[in-house]
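Each chain, written out:
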Number of protein chains: 2
Amino acid sequence: MNPDITRERENATFNVEKLTHILDGGIEKTKRRREIESLVISDPDFQSEDLNFLSRSERYDAAVKKSAQMILKLREYGISDPEEIYCYKSCVHRGRSEPLDLHLAMFLPTLLNQASPEQMETFFIPAWNLEIIGTYAQTEMGHGTHLRGLETTATYDPATQEFVLNSPTITSIKWWPGGLGKTSNHAIVLAQLHTQGKCHGLHAFIVPLRSMNTHIPLPGVVVGDIGPKFGFDEVDNGYLKLENVRIPREHMLMKYAKVEADGTYVKPPSDKLTYGTMVFIRSMIVGEAGRALAKSCTIAIRYSSVRHQSEIRPGEPEPQIMDYQTQQYKLFPLLATAYAYKFVGQYMNDVYHRITGDISQGDFSELPELHALSAGLKAFTTWTASAGIEVCRMACGGHGYSRCSALPDIYVNFVPTCTYEGENTVMMLQTARFLIKSYRQASAGHQLSGIVSYLNESERSLQPQSVSSRPTVVNVNDLASLVEAYKLRAAKLVELAAKSIQQELQKRVSQEDAWNNSAIDLVRASDAHCHYVVVKLFAAKLGEIGDTGVHSVLSTLALLYALQGIQQHSGDFLQTGLLSVPQLSQVSQRLKELLAQLRPNAVALVDAFDYCDEMLNSVLGRYDGNVYEHMFEWARRSPLNKTEVHESYHKYLKPLQAKL
Amino acid sequence: MNPDITRERENATFNVEKLTHILDGGIEKTKRRREIESLVISDPDFQSEDLNFLSRSERYDAAVKKSAQMILKLREYGISDPEEIYCYKSCVHRGRSEPLDLHLAMFLPTLLNQASPEQMETFFIPAWNLEIIGTYAQTEMGHGTHLRGLETTATYDPATQEFVLNSPTITSIKWWPGGLGKTSNHAIVLAQLHTQGKCHGLHAFIVPLRSMNTHIPLPGVVVGDIGPKFGFDEVDNGYLKLENVRIPREHMLMKYAKVEADGTYVKPPSDKLTYGTMVFIRSMIVGEAGRALAKSCTIAIRYSSVRHQSEIRPGEPEPQIMDYQTQQYKLFPLLATAYAYKFVGQYMNDVYHRITGDISQGDFSELPELHALSAGLKAFTTWTASAGIEVCRMACGGHGYSRCSALPDIYVNFVPTCTYEGENTVMMLQTARFLIKSYRQASAGHQLSGIVSYLNESERSLQPQSVSSRPTVVNVNDLASLVEAYKLRAAKLVELAAKSIQQELQKRVSQEDAWNNSAIDLVRASDAHCHYVVVKLFAAKLGEIGDTGVHSVLSTLALLYALQGIQQHSGDFLQTGLLSVPQLSQVSQRLKELLAQLRPNAVALVDAFDYCDEMLNSVLGRYDGNVYEHMFEWARRSPLNKTEVHESYHKYLKPLQAKL
């Protein structure tokens, strides 16, 4: 064990294990998670060469191998709880995406939700047994965000009682679905349904893609891999071009909408049913933002405690780089952010499960708010976390660029969350739409409840102004007071965005143009709203924590999170009169004090995330801090070192020397 | 040609070719650059498969092949001007780093600067003819920033008149030098010189690494590749462990310092001689920041003009995504930044060449200022450009993640500039040291000249206060007035940082601790200083431009650049009383107007960067806008599509299906 990191752990002021239990959601959950991790770690079938040393085709191959093993073992061990499956899967693939992701997370659930009982009978068991390997093909080359713009067609032919599927244009080629390129033999294809000469919009169809015997693509099916990407080397994101592919009528998912044998179209009863899934996936992504940032902070903070460089005081030994104020200022606010997002993720998961209960009893009342909130929070957290991973990586200096640090992989595997499941700017505007609607309702005298209740007219007309006239009302040492400041900032920015729309309308432009011409303000308002929610939830979480030591260190983190946000957006707080110039200096001063205060607990705070070395897979982030020996050992194993002399020497350099 | 992009070009209000000449530095330079580009593009020896489809070893192989060809052809064509060599090399390797980079840019120049005449005779011609392939080994596994901390030793043995080189610890292993792993047979090694029982600090030694005949590592030399990285797949960054490696006394570079045969050490006359090279490399990096951002903007803006998505007005066709205000707000300020950095790079290059002339006449007076400025500007521009590349990439939605967009490559190949040639935070603090020193001189009554003259006591005591009391003095429509505001902000933040140090000293901490405890404020002051310099230089450039159309569009860009910076740092401008709250609203409003105003010129402004398709190598950034067909064609060529059925199906999936 590196003595520097041992000393760090000795200096911690709280019980790490207790904090781990809080993060896991209870002592039992910690125990079970560790059991599952050990199952995978000790399993010789899951040992493989470092993925960094493999070509893309080899990485895909290794992932398929692990996924196949995983399916067998989940059944062997009888792991069936969705959370535990997720945990096992994350361990096997070290948090990476894999070729069967969409089969498990989209194909099977879509069957469960949208297949009729007869279809369940036909498709579910073969899919469960991976005879049918499926994916979910929605996005097209030319169409992502705007579902109504999808061009793939499914035209009903009553003569044969079949649908004829086509990709009529180049832009209509399905593009991006995971597992589509090489792995799947079926896809649920989203297509515009045409019957009896009329288009009825998007519907889902089960389309066989490859022979069940030979895996060779079926006639009319042009399918393949979309080529190398930024990360996701293990996944065969694919393309799919359909050329007059005929499927039986029974291959349209018919639990809700139907096409009868003669071609008569029967409408579905409601279209709000898919909201729940979106909310669930987005709340998972928020948790993922917390995890990605937690991993990155673990690596950067442990490394900062064993790396020595330069000098603070001349003549003294080189200090740990964590002793530099600039290093603390890079890493500790991100550490606080990781905790904040983990708690927000927990909250969203809890609310989702509570609301799902309500929905099953027919109560949809909380869904629109949660739907809007989940969109914004997904964007807010993924943007910050992506940028934060890169800050962590660069805080490790040159070695952060080495694949052995794991940080490049964490980045490229996380950053797509900014784009998939709803492009972030679109998500922000979705939340803004809810905020503006709520603002207008409040302005019209309706009393709002829930998280947007701060938009109520009475509150707005009283508080921001009174604050503005006596700005010292915000106490920069008091978290509750800061939550209030964030709330009033959000209220003010929502109001500004609404006024911008109003001003545009006065120029006689249309509603839609007024909206687009105010989009910058709308995104800013959403951002402020989400920031408020995060600060509020972090503060609320403190109330649940009994242990004094843990409570104390988390309170420091929460205060750091809130104050750093104020410093970064000081313009907003000054502009809205929530803070005075002297208070801003106080904020800066207090921030520096908090960094110094957190310094002795930094390593313990990342230890509490409890990533074992096998899961973290980072030489820089090793628990024992013995970085350099292992970096050397890793490098010596890398492919270019398999021979002492690379063949290019004989092919090009030696002949060149002869010519010069 | 895609009709959307044709229409964009028709709507432009200025002459693109004229702007290209300005960017190149004159019509003749544009002509010559294009000639060199054609030489490479039309050369069948430089055609190769898409690098994205190759393994790392294949990419290294392809790069060595190209580099060897390049050396031959440079001589064949008689290209010898350093700028033209750089241009040819950039074309051959598409701006990527390559295995011979350090031989050309460090090994040969170090010989020229530090070898004695006898050493030049021995080493230069063999190195020129690539008999000797060299690299420059400075950084060690445990030591980067702090050169004095390097541990490699060179101990003189008078008995044999040799130096004995050793890597005494694991942290002393040389790590990162480009071309060290596989390509080079020699290295200039930086080591602590020991002779007659005394250490004389770092000196440079020419160390043979591999046999000149067989390329096999010599006894005592442990050398290899450091393994895969985030980008830089073409370069064999290497490690080097020296175990009692003996080299003749004449292998120490002895133009300045010397060790005589008996071991007597002779000191060098001055140590400021290396400043010039550092300044030059950093000014190159600033230009590189401009180019990387220019490429990224070219791709994102062209794609935004041909991509259609969603709707602004219901019932109308899907608009070009460039019509969304949020998209404009992402891309146009970055476009302005690319122009700003290109002009700053030009300026630094000019100043460097002017000062180099002065230095050769013994006048070092401007060097400290330029040295300090180049450090901060390197950090300022590389941070912004790196983040900006990612904004461009994500502005392309899902397709920005495909390697065919070229954006992932631009990012991973550019982002290391944040770390190499001086870690950015260290660079910012270096500039801060100069600013604080200047501030103290001014406070002591010395009259400063040059770019820091705004720190003069008289100016400071007059202007910021007077501005603060009448904030309307800033005219948000007048660039000169905004330059002034940036200047006063910098002055104020330097003052705040100086005061923070003062306050720390009053707590009886040491100078060094006071500095470290104020580091956040110091970085912020440097940042403001650099921002001021960039705005000022952009404004100054406008004065050189005669053409009305070009002048007009560049003025809009400069104003956008200045106003967006104010909006992003509105807290600073409010805090220092340089702007009032109502003015800030004006800034927001004006920004939106400028976005709309730039919209018709956006494509023409990126066309003016004049990246031909072969150099840009991006399907999304194609000049003709025909994105989708070529994306499909690219994907079909990718390695996973070489067979219809991947072998993993037979190895894992089919057996799995049999078991379930």
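Residues numbered from 1 in each chain as written. Chains lettered and ligands numbered in written order. Predicted model: local features only at pLDDT ≥ 70, side-chain atom pairs only at ≥ 80, totals over all residues. Heavy atoms only, no water.

A. Summary view of the overall build of chain A. In terms of regular secondary structure, chain A is built from 23 helices and eleven strands. Over its C-alpha atoms chain A spans a radius of gyration of 27 Å, differing by no more than 12% from the 26 Å that the globule rule assigns to 660 residues. Referenced to the eigenvectors of the C-alpha coordinate spread, the extents of chain A come out at roughly 85 × 80 × 60 Å. The buried share among the 660 residues of chain A stands at 61%. A fraction of 72% describes how many contacts in chain A between residues 6 or more apart in sequence connect residues 24 or more apart. Total accessible area on chain A stands at roughly 24500 Å², and carbon and sulfur atoms take up 53% of it. For chain A, the separation between the mean place of its 66 positive charges and that of its 73 negative charges on side chains is 4 Å. (Helix = DSSP H or I, 4+ residues; strand = E, 2+ residues; numbered from the N terminus. Rg over C-alpha atoms; globule rule 2.2 N^0.38 Å. Buried < 20%, exposed > 50% of the residue type's maximum accessible area, 1.4 Å probe, protein only. Contact = heavy atoms within 4.5 Å. Areas by Shrake-Rupley, 256 points an atom, 1.4 Å probe, with all protein chains shown as cover. Lys, Arg positive; Asp, Glu negative; His and termini not counted. Charge placed at Lys NZ, Arg CZ, Asp CG, Glu CD.)

B. Region of interest: helix α3 (residues 27-41) of chain B. All names here are of chain B. Look at α3: 21 Å from first C-alpha to last across 15 residues, which is about the 21 Å you get at 1.5 Å a residue. Turning to α3, its buried residues number three or more, namely T30, R33, I36, E37 and V40. Projection of α3 onto a plane perpendicular to its axis shows the buried side chains occupying an angular sector of 130°, all on one side. The exposed residues of α3 that point more than 90 degrees off its buried face are I27 and E28. Those residues of α3 hidden inside the fold are in contact with α2 (16-24), α5 (82-92) and α21 (613-616). (Expected span 1.5 Å × (residues − 1). Arc of directions from axis to C-beta.)

C. Inspection of the relation of the copies chain B and chain A at higher detail. For the pair chain B and chain A, the superposition axis carries a translation of 0.0 Å, the fit reaches an RMSD of 0.0 Å, and the rotation angle comes to 180°. Such a combination of rotation and displacement between the chain copies is what one expects of a two-fold axis. Closest approach to the rotation axis among the C-alpha atoms of chain B is made by G571 of chain B, whose C-alpha sits 1.8 Å away. Most of the interface of chain B is mirrored in chain A: 100% of its interface residues are interface residues there too. (Least-squares fit on C-alpha atoms with pLDDT ≥ 70 in both.)

D. Spatial organisation of unusual backbone geometry. Residues and elements named next belong to chain A. In this model, R94 sits at a positive phi of 50°, which is unusual for a non-glycine residue. Even without being glycine, N617 reaches a positive phi, approximately 55°. Secondary-structure assignment places N617 in the loop between α21 (613-616) and α22 (627-636).

E. Quick look at the interface of chain B and chain A. With 130 residues of chain B in contact, the opposing surface of chain A contributes 130 residues. At the boundary of chain B with chain A, total buried surface from both sides reaches about 11200 Å², with 61% on carbon and sulfur atoms. Inspection of the region where chain B meets chain A yields ten salt bridges. Taking the shortest distance from any N to any O, the salt bridge between D513 of chain A and R313 of chain B comes out at 2.9 Å. At the junction of chain B with chain A, the criterion picks out 70 residue pairs in polar contact (both at pLDDT 80 or more). (Buried area = accessible area lost by both parts, 1.4 Å probe. Salt bridge = Lys/Arg side-chain N within 4 Å of Asp/Glu carboxyl O. Polar contact = N/O pair within 3.5 Å; in protein donor to acceptor, adjacent residues only side chain to side chain.)

F. Structural detail: the sheet that holds strand β4 (residues 174-175) of chain B. Residue and element names in this part refer to chain B. Strand order in the open sheet made by the three strands is β4-β8-β7, with antiparallel pairing throughout. With partners counted over all chains shown, the strands left at the sheet margins are β4 and β7 (221-225), one partner each. In terms of strand pairing, β4 meets strand β8 (residues 238-242) through two bridges, oriented antiparallel. Considered in β8, the bridge of K174 is made with L240. (Pairing = 2+ DSSP bridges.)

G. Examining the pattern of salt bridges more closely. The tally for this structure, following the rule as stated, stands at 92 salt bridges over all chains. Among the salt bridges present, the one from R34 of chain B reaches D610 of chain B, with a minimum N-O distance of 2.8 Å. In this pair, R34 of chain B sits in helix α3 while D610 of chain B sits in the loop between α20 (602-607) and α21, placing the two residues 576 residues apart along the sequence. One salt-bridge network, in which partners are shared between bridges, spans E17, D24, R33, R34, E37 and D610 of chain A.

H. Examining the UniProt feature "domain: Acyl-CoA oxidase C-terminal" (unreviewed entry) in chain A more closely. Look at the UniProt record and you will see "domain: Acyl-CoA oxidase C-terminal" (unreviewed entry) annotated at residues 478-656 of chain A. Between the C-alpha atoms that bound residues 478-656 of chain A there is a distance of 71 Å. The span itself is 74% helix and 0% strand. (UniProt positions renumbered as here; feature names shortened; annotations may be inferred.)

I. Looking closely at the UniProt feature "binding site: FAD" (unreviewed entry) in chain A. All names here are of chain A. UniProt feature "binding site: FAD" (unreviewed entry): in the numbering of this structure it lies at T139 and G178. Across 40 residues, the annotated set stays spatially compact, with a maximum C-alpha separation of 10.8 Å. Of note, T139 is situated in the loop between β1 (134-137) and β2 (153-157). In contact with T139, other than residues within four places in its own chain, are G144, K174, W175, W176 and P177. Position of G178 relative to the elements: it lies in the loop between β4 (174-175) and β5 (186-195). A residue is classified by how much of its surface remains accessible, and G178, at 7% relative accessible area, is buried.

J. Quick look at the state of the cysteines. One pass over the structure, following the stated rule, counts zero disulfides over all chains. Not engaged in a disulfide, the cysteine C297 of chain A finds its nearest cysteine sulfur in C392 of chain A; these two sulfurs lie 4.1 Å apart. With no disulfide partner, C396 of chain B has as its closest neighbouring cysteine sulfur the one in C392 of chain B, 7.3 Å distant. (Disulfide = S-S within 2.5 Å.)

K. Quick peek at the sheet that holds strand β8 (residues 238-242) of chain A. Spatial strand order, β4-β8-β7 (chain A): three strands in an open sheet with antiparallel pairing. Taken across any chain shown, the strands that pair with only one partner, and hence form the sheet edges, are β4 and β7 (221-225) of chain A. Contacting β4, β7 and β8 of chain A, helix α22 (residues 627-636) of chain B runs over the sheet at an angle of about 115° to β8 of chain A. (Axes fitted to C-alpha atoms, helices over the stretch in contact; angles between N-to-C directions.)

L. A look at the packing of helix α2 (residues 16-24) of chain A against helix α3 (residues 27-41) of chain A. All names here are of chain A. Relative to each other, α2 and α3 sit at 90°, their axes nearing to 7 Å. It follows from the interaxial angle that α2 and α3 lie roughly perpendicular. Between α2, through E17, T20, H21 and D24, and α3, the contact on the second element is made entirely by I27, K29, T30, R33 and R34. Here the residues of the contact of α2 with α3 are counted per class, giving one nonpolar, three polar and five charged. (Parallel < 35°, antiparallel > 145°, perpendicular 65-115°, else oblique. Nonpolar A, V, L, I, M, F, W, Y, C, P; charged D, E, K, R; others polar.)

M. The arrangement of the packing of aromatic side chains in detail. One pass over the full model with this rule turns up 38 aromatic pairs over all chains. Between F280 of chain B and Y352 of chain B, the aromatic rings sit 5.1 Å apart at their centres with planes inclined by 40°, giving tilted as the arrangement. A residue pair is termed long-range when its members are at least 10 positions apart, and F280 of chain B in helix α8 (residues 275-306) and Y352 of chain B in helix α9 (residues 325-360) qualify at 72 residues. Note on F280 of chain B: relative accessible area 28%, which makes it partly exposed. According to the relative accessible area criterion, Y352 of chain B is buried, its value standing at 17%. Among the aromatic residues, those joined into a cluster by ring pairs are Y339, F343, F538, Y561 and F609 of chain A. Of note, R393 of chain A hangs over the ring of Y401 of chain A, and the distance from its end group to the ring centre comes to 4.3 Å. Sitting above the plane of the W515 of chain B ring, R433 of chain B keeps its charged end 4.2 Å from the centroid. (Phe/Tyr/Trp six-rings, centres within 6.5 Å; stacked < 30°, edge-to-face > 60°. Lys NZ or Arg CZ within 6 Å of the ring centre and 35° of its normal.)

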